[in-house]
Amino acid sequence: AGPSTPDAARVFKRALLNSVVVSSSVMAASLFLGVPAAYAFARINFRGRRSAMLILLGTRMLPAISIVIPLYIVASRLGYTDTRTVLIALYLTFTLPFVIWIMASFFQTIPYELEDAARIDGCSRLGTLWGIILPISGPGLASTIIFAFLLAWDEFFFALIFTSTEAAKTVPLAIAEFTGRYTIDYGAMTTGGVL
């Protein structure tokens, strides 16, 4: 027999809260770290810039299953398994490179003349980024925010491996638990999917 309806609803509400907290934190942290890094990759010429961008792209291509065992050993030794903190840190490993790559590509489409004019007026690089570049990067920033949030929201594999109780369980795991040994609660699964 599966869990009772009130118990399943309580677990799902907790999973929904966990997903909102984890996804929002990952989105905010990846933007806070990724936007300045993307700006540096797009606008500053430094040695190894191209190689660093290819390494970032390579981290996105690395299958999660190939690194999950060492990550689990480290997390369990530090006492961070079954916490939101470990999920946030793990999700940042694939969300941050994505944000850097997308925003760097978007920053490269902005004309250099705008930055040159701001520099002539006395803006520093960071002043130019915050005062000139980011306000006109609204569409790229909005799409990056949406994709970063959805990448963290939809992640299943790390949440499955690193959580065992409802303390940090996320929505994809809660929906997967509506599949029992002999039965599948299609109504609960579709309701959870819509939510």
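Refer to the structure presented above.
This section reports on the structure supplied with the text. Remember, predicted model here, so these are calculated numbers, not experimental data.

The rules behind the values
Residues numbered from 1 in each chain as written. Predicted model: local features only at pLDDT ≥ 70, side-chain atom pairs only at ≥ 80, totals over all residues. Heavy atoms only, no water. Helix = DSSP H or I, 4+ residues; strand = E, 2+ residues; numbered from the N terminus. Buried < 20%, exposed > 50% of the residue type's maximum accessible area, 1.4 Å probe, protein only. Contact = heavy atoms within 4.5 Å. Areas by Shrake-Rupley, 256 points an atom, 1.4 Å probe, with all protein chains shown as cover. Lys, Arg positive; Asp, Glu negative; His and termini not counted. Charge placed at Lys NZ, Arg CZ, Asp CG, Glu CD. Salt bridge = Lys/Arg side-chain N within 4 Å of Asp/Glu carboxyl O. Polar contact = N/O pair within 3.5 Å; in protein donor to acceptor, adjacent residues only side chain to side chain.

Looking at the overall build of the protein
Then, in step 1: When helices and strands are counted, the protein shows ten helices and zero strands.
Then, in step 2: Burial analysis of the protein (195 residues in total) assigns 35% to the buried set.
Then, in step 3: Look at the contacts in the protein between residues 6 or more apart in sequence, and 78% of them connect residues 24 or more apart.
Then, in step 4: About 11200 Å² of surface is accessible on the protein, with carbon and sulfur atoms providing 68% of the total.
Then, in step 5: The averaged location of the 11 negative side-chain charges in the protein is 7 Å from the averaged location of its 14 positive side-chain charges.

A look at the pattern of salt bridges
Where charged atoms from two side chains of opposite charge approach closely, those side chains can pair.
Then, in step 1: Overall, the coordinates contain three salt bridges when judged by the stated rule.
Then, in step 2: We note a salt bridge from Glu115 to Arg43, for which the minimum N-O separation is 2.3 Å. Pair noted here: Glu115 is in helix α5 (residues 112–120) and Arg43 is in helix α1 (residues 5–43), with a separation of 72 residues, a long-range link.
Then, in step 3: Residue classification places Glu115 among the buried positions, given a relative accessible area of 6%.

Quick word on the side chain of Glu155
Then, in step 1: If you trace the backbone, Glu155 turns up in the loop between α7 (138–154) and α8 (157–162).
Then, in step 2: Buried charge Glu155 goes without a salt bridge, the closest partner of opposite sign being Arg60 at 9.3 Å.
Then, in step 3: At a separation of 3.4 Å, a polar atom in the side chain of Glu155 contacts the side chain of Tyr91.
Then, in step 4: A polar side-chain atom of Glu155 sits 3.3 Å from the main-chain amide nitrogen of Ala159.

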